[in-house]
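The chain contents come next:
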Amino acid sequence: MAPEALADHLLERLGKRVVDHVIQYGQLTVTVAPEALPSAVQLCRDDPRLAFDFFDFMTGVDEREDGFAVITHLYSVRHRHHIQIRALATGGRDEPRLPTISHLYAGANWHEREAYDMFGVVFDGHPRLLPRILTVENFEGFPLRKDFLLMTREVKPWPGLKEPKAVEDTDGEGDGEGAAPATGPSAEDKARMAREKAERAKAKAAEARKRRAQEQAVAAPADSGAGDAVEPDGDAVERPEGAGDVGSEKQAQMAYSTGDDERAGEPEGAADASGEAIAKDAAAGAVGGDTAAGASGDVPGAEQPGTDPAREAELAAGADAQPGGTPGVEAEGRHAGADDQAGDRPAAETPGMVSGTQDVEPARSADDVPAPADDGGTQAPQPPRGPGEEEPRALAGEGVGSTPLADEQGPVVGETYTEDPEQRRPVGTDADDRLRDLETDVDEEDGR
Amino acid sequence: MTETTEPMLSQPGGANVVPGPPGESMLVEVRGEGELSTQDMSLNIGPQHPATHGVLRVVIDLDGERIARATPVIGYMHRGFEKLAEARDYRQIIALVNRHDWLSSFCNEMGVVLAVERMMELEVPERADWIRVLMCEWTRVLNHLMFVGSFGLELGAITPVFFAFREREDIQHLMESATGGRLHFTYNRVGGLKEDLPRGFLAASEQMVRNVRMRTQEYRDLLQGNEIFIARTRDVGVLDPQTALSYGVSGPPLQATGVAEDSRVTEPYSKYGQIDVHVPVGTNGDSFDRFMVLVDRIDASLDIIEHVLGSIPPGPVTTKLPKVVKAPEGAIYVRTENPLGQCGYYLVSDGRKNPWRLKMRTPSFNNVAMVPHLLEGALLSDMIAVLGSVFFVVGDVDR
């Protein structure tokens, strides 16, 4: 039977028990209510027009907040057609349960044990789910859940894609990721590099403090404006999804969140020049965007920057340099845009930084960054980020041993450049990464 | 089993108990007129038994010489491939899937690249498609030779394994010349192949087909008519088609029951639709049939290779790919007929460069799940003939 005819037939026979059905790539997937799984499977087996006699496989799929779905694939040797029966386990992520089908197909026994072992889905009525079929007896956790992190990935960065983050994890605990101790260079080298770096950092910090004192009055009201603009796109409801997403986007997003925090709250004792730049850019972006686009119009601090003509000119320059820098765009990039890579890199920030902080080297222009071929989005330079923050190290990890690979990773390429002007070079060698680890460490200490 | 023994001890229940042979604590219960009945005994086979092709452990409860219950204990080689695949991009996954069934590496690759290509709607160049079929069949021959040799070895015939490995060595040389690998070829790429065949490969293949065809006759001569071999495999481990299907058994064990299910025929992928694939089937579903199906499958594969050698068109072997290979959002299931049975990949993509979920539906997992069914009630001495004829690779079971 063709998938369409199959679907019609099943809908007719199962009625309300079918929740949904999809035909994709010529394959029919029927979603049934969890309690109806055994009866649906039995119908598929016993109905002579269906006659699914071959038990192919059964597997769990992590469905994020919805918990876990279990897919049962059946095939009919007689009619040569396939079906996938999908049921969402009841009990969410905490206690996923489904009725067993192991009495219908002998092969389902082991597959249910595997689904239990890997996802923790309990099959009611299964003769014996324990001992765990693939993992060891006293294994803790269910390895194929997305919130189960690989141990190697927890202790050291990984050259490929980052480990999927826990779904519930909203507070960006990427701290563990880059926490690998910097080993390698001799103690002398370390000390020398640390000294040099400390000097540079001190100079920058002093500069930054001076500037912040001047600009705090300007930045604070504008910040509230930016915060308002952020709200509609990036409310807390959106976050878990982004947090549950896999990969470097998530990393980037976390870094941005850090930037947000710094901006929204008062930038407490931030010693790094770039952190300052962020705060100021937020102001620039918000104000510039608001005045240019007239967005929402009710920004309380919109007038205030006007009291400082010099600053206003600077802001205008920042806004003009990148008209796309409306707060809305930024907000989307930071909060809701986890699945949109282009959105992850707020376009407005770097030009703002360049115009705002004169002591920083000119930002790497878009041409310098190898453009990904298939990424339709805007190619924007890496947004500024404080050297004391987590991201550079995480990215350094991403670059380890992956120089040829990084070349083909497209959108990620832009992120292998760190924002600190002195570190603006491609990562990829161990020495570079170790150096950066040292540098960032020193910055942190110096700043607090 | 009846034997007369003197009752030595009396127990309240009325049953008489005599101590077992010296050095064993097992007691033998004697009932009635001196009839012996034995206590159950658990026996560990493996995890290092040579007949298990890896580290499969079978816990066997014995009632006398009969197997009352057999429980395969798997997971000793579990390497978490499905988890690893979620953290790797599709090029890396090709190298990963090479390894769960190390005797069918090229066929494993096929499943993954087909899945990604179908999702991306990529057209593979004709030449690449034909070469894929060629390589698949050589891999199948390699795999089957291994099992033809080892099955004989397990039953006490040493010669077949030497013969089989002689051919395997030659074919591996051939494969190495094209792919650079001896076991893990990693010759597939999404959208085509790593590179074109080296000069002289087709001629060498032709020669090799003739060699191997001659040799398969030798295996038949060595084993098919061998009295001991027949005595040990005929009517041993008989599997009926309904049970096989219900367990999801595929490959030679299924075909030996008379079910001609082979996705190269029933759902042709790549260029199999244009080739006449012969699917050998058995009649009895016993160990002997399983073995003969295996040998016949070598010949069927050689036929396919001959067909392919005359059909490979000139042209490119790769397509231009985007810099980052991303499968669009959705789910797809692709099954291929691997040497050991039906191998399937259920790929769920969320649109990124690595899969959200990659389920490896491996033939050995389902086939080994069926083993307890075959062993129950069998004699312990038949266990090897049963285990050896299911043809599995433990890496493929555990993943």
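Residues numbered from 1 in each chain as written. Chains lettered and ligands numbered in written order. Predicted model: local features only at pLDDT ≥ 70, side-chain atom pairs only at ≥ 80, totals over all residues.

Enquirer: Which residues make up the overall build of chain A, and what values do they have?
Expert: Looking only at helices and strands, chain A has 15 helices and seven strands in total. Expressed as a percentage of the 448 residues in chain A, the buried residues total 50%. For chain A, the proportion of contacts with a sequence separation of at least 24, taken over those separated by at least 6, is 68%. (Helix = DSSP H or I, 4+ residues; strand = E, 2+ residues; numbered from the N terminus. Buried ≥ 20, exposed ≤ 12 C-beta atoms within 10 Å, placed from the backbone. Contact = placed C-beta atoms within 7 Å.)

Enquirer: Before we move on, could you go through the overall build of chain B and cite the residues and values that matter?
Expert: Helix and strand counts for chain B stand at 14 helices and twelve strands. Relative to its full complement of 399 residues, chain B shows a buried share of 51%. Taking the contacts inside chain B whose residues are at least 6 apart along the sequence as the reference set, 67% of them involve residues at least 24 apart.

Enquirer: Can you break down the pairing of strand 4 (residues 68–75) of chain A residue by residue, with the values?
Expert: Residue and element names in this part refer to chain A. Judged by how many residues are buried, strand 4 sits mostly within the fold: eight of eight residues are covered. Bridge analysis of strand 3 (residues 54–62) against strand 4 gives eight bridges, and the strand direction is antiparallel. Bridge pairing links D62 to F68 in strand 4. Hairpin remark: strand 3 followed by strand 4, antiparallel, with five residues in the connecting loop; positive phi at R64, about 55°. Here strand 4 pairs with strand 5 (residues 82–88) via seven bridges, running antiparallel. The residue of strand 5 that forms the bridge with L74 is I83. Connecting strand 4 to the antiparallel partner strand 5 that follows it, the hairpin turn spans six residues, and R80 within it adopts a positive phi of roughly 55°. (Pairing = 2+ DSSP bridges.)

Enquirer: A description of the packing of helix 4 (residues 126–154) of chain B against helix 5 (residues 159–179) of chain B should follow, citing residues and the corresponding values.
Expert: Residues and elements named next belong to chain B. Taken N-terminus to C-terminus, the directions of helix 4 and helix 5 make an angle of 160°; their axes are 8 Å apart at the nearest point. Judged by the angle between their axes, helix 4 and helix 5 are roughly antiparallel. Helix-helix and strand crossings are classified by hand; for helix 4 and helix 5 the assignment is left-handed. Every residue of helix 5 that contacts helix 4 at W138, V141, L142, L145, M146, V148, G149, S150, G152 and L153 is listed here: P160, V161, F163, A164, F165, E167, R168, I171, Q172 and M175. (Axes fitted to C-alpha atoms, helices over the stretch in contact; angles between N-to-C directions. Parallel < 35°, antiparallel > 145°, perpendicular 65-115°, else oblique. Left-handed = near helix turned anticlockwise from the far one by under 90°.)

Enquirer: Please give an account of the confidence of the model for chain B that cites residues and values.
Expert: All names here are of chain B. When pLDDT is averaged along chain B, the result is 84; 88% of the residues meet or exceed 70. At the low end of the mean pLDDT range in chain B sits strand 1 (residues 9–10), at 42; at the high end sits helix 9 (residues 252–255), at 92. Counting contacts from residues 1–20, a segment whose pLDDT is below 50, to residues more than four positions away or on other chains yields 31 contacts. (pLDDT = per-residue confidence, 0-100.)

Enquirer: Pulling in residues and values, what's your account of the nonpolar core?
Expert: Core analysis: the biggest nonpolar cluster contains 154 residues, and V70 and V121 of chain A together with A115, V116 and L347 of chain B have the highest contact counts within it. No other element matches helix 4 of chain B, which puts 14 residues into this core. (Core = buried A, V, L, I, M, F, W, Y, C linked by C-beta atoms within 7 Å.)

Enquirer: Outline the sheet that holds strand 7 (residues 66–73) of chain B, supporting the account with residue identities and numerical values.
Expert: Residue and element names in this part refer to chain B. Judged by pairing direction, the sheet is antiparallel, and its three strands sit side by side in the order 5-6-7 without closing on themselves. Two strands lie at the open edges of the sheet, namely strand 5 (41–45) and strand 7, each paired on one side alone. If you compare each strand with its neighbour and ignore which way they point, the axes differ by 25° on average.

Enquirer: How would you sum up the interface of chain B and chain A? Please name residues and give values.
Expert: In this assembly, 38 residues from chain B lie in contact with 39 residues from chain A. Elements supplying a minimum of two residues to the side of chain B that touches chain A: helix 1 (81–85), helix 8 (241–247), strand 10 (330–338), strand 11 (341–349), strand 12 (357–361) and helix 12 (363–375) of chain B.

Enquirer: I'd love a proper account of the pairing of strand 6 (residues 57–63) of chain B, names of residues and values included.
Expert: Residues and elements named next belong to chain B. Two elements, strand 5 and strand 6, share five bridges in a ladder whose sense is antiparallel. When the sheet's bridge partners are listed, L43 is paired in strand 6 with I60. Bridge count between strand 6 and strand 7: seven bridges; the pairing is antiparallel. By the bridge assignment for strand 7, V59 is matched with T71. The antiparallel pairing of strand 6 with strand 7 creates a hairpin that spans two residues between the two strands, and G64 there sits at a positive phi of about 65°.

Enquirer: If you had to explain the sheet that holds strand 1 (residues 18–24) of chain A to someone new, which residues and values would you point to?
Expert: Residues and elements named next belong to chain A. Read across the open sheet, the five strands follow the order 1-2-5-4-3; overall the sheet is mixed. At either margin of the open sheet sits one strand with a lone partner, and together these are strand 1 and strand 3. When the angles between neighbouring strand axes are averaged without regard to direction, this sheet yields 20°. As paired elements, strand 1 and strand 2 (residues 27–32) share six bridges and run antiparallel to each other. From the neighbouring strand, Q24 faces strand 2, where its bridge partner is Q27.

Enquirer: Let's hear about unusual backbone geometry: which residues, and what values?
Expert: A cis amide bond links L130 of chain A to the next residue, P131 of chain A, at an omega of 0°. By the element assignment, P131 of chain A lies in the loop between strand 7 (122–124) and helix 4 (151–155). Of note, F391 of chain B is a non-glycine position whose phi angle comes to about 55°, a positive value. Following the sequence through the fold, F391 of chain B ends up in the loop between helix 13 (383–390) and helix 14 (394–398).

Enquirer: If you had to explain the environment of V121 of chain A to someone new, which residues and values would you point to?
Expert: All names here are of chain A. With respect to the helices and strands, the residue V121 is situated in the loop between helix 3 (108–119) and strand 7. In this structure V121 comes out as buried when scored by C-beta crowding, with 25 C-beta atoms within 10 Å. Between the alpha carbons of V121 and G67 there is a distance of 9.7 Å; along the sequence they are 54 residues apart. Those residues in contact with V121, other than ones at most four positions away along the chain, are G60, F68, V70, A89, P96, L98, A115 and Y116.

Enquirer: Outline the confidence of the model for chain A, supporting the account with residue identities and numerical values.
Expert: Residues and elements named next belong to chain A. In the predicted model, chain A carries a mean pLDDT of 60, and the fraction of residues at 70 or more is 39%. Ignoring residues within four places in sequence, the model shows residues 165–185, a span with pLDDT below 50, making 41 contacts including any to other chains. Contacts from residues 437–448, a stretch scored under 50 in pLDDT, to residues over four places away or in other chains number 36 contacts.

Enquirer: I'd like a rundown of helix 4 of chain B, residues and numbers included.
Expert: Structurally, the α-helix is built with 3.6 residues per turn, so residues lying three or four positions apart point the same way. With 29 residues, helix 4 of chain B extends 42 Å between its outermost C-alpha atoms, agreeing within 8% with the 42 Å of an ideal straight helix rising 1.5 Å per residue. In the segment just after helix 4 of chain B, G156 of chain B is the residue with positive phi, at about 100°. (Expected span 1.5 Å × (residues − 1).)

Enquirer: An account of helix 5 of chain B is needed here, citing residue identities and associated values.
Expert: Residue and element names in this part refer to chain B. Its 21 residues place the ends of helix 5 30 Å apart at the C-alpha level, agreeing with the 30 Å of an ideal helix rising 1.5 Å per residue. As for helix 5, its buried residues are in contact with helix 4 and helix 6 (201–224). Immediately downstream of helix 5, the backbone of G180 shows phi near 85°, a positive value.

Enquirer: Quick one: what's the story with the packing of helix 6 of chain B against helix 11 (residues 287–309) of chain B, residue by residue and with numbers?
Expert: All names here are of chain B. At a minimum axis distance of 10 Å, the contact between helix 6 and helix 11 shows a crossing angle of 165°. Relative to helix 11, helix 6 is oriented roughly antiparallel. For the pair helix 6 and helix 11, the sense of crossing is left-handed. For the pair helix 6 and helix 11, the contacting residues are L202, S205, E206, V209, V212, R213, T216, Y219, R220 and Q224 in the first and M292, V295, I298, D299, L302, I305, E306 and L309 in the second. Classifying every residue of the contact of helix 6 with helix 11 gives ten nonpolar, three polar and five charged. (Nonpolar A, V, L, I, M, F, W, Y, C, P; charged D, E, K, R; others polar.)

Enquirer: Break down the environment of T139 of chain B for me, with residues and values.
Expert: All names here are of chain B. Residue placement: T139 occurs in helix 4. Exposure remark for T139: the 25 C-beta atoms within 10 Å place this residue in the buried category. Expressed as a C-alpha distance, the spacing of T139 and F106, which sit 33 residues apart in the sequence, is 6.4 Å.

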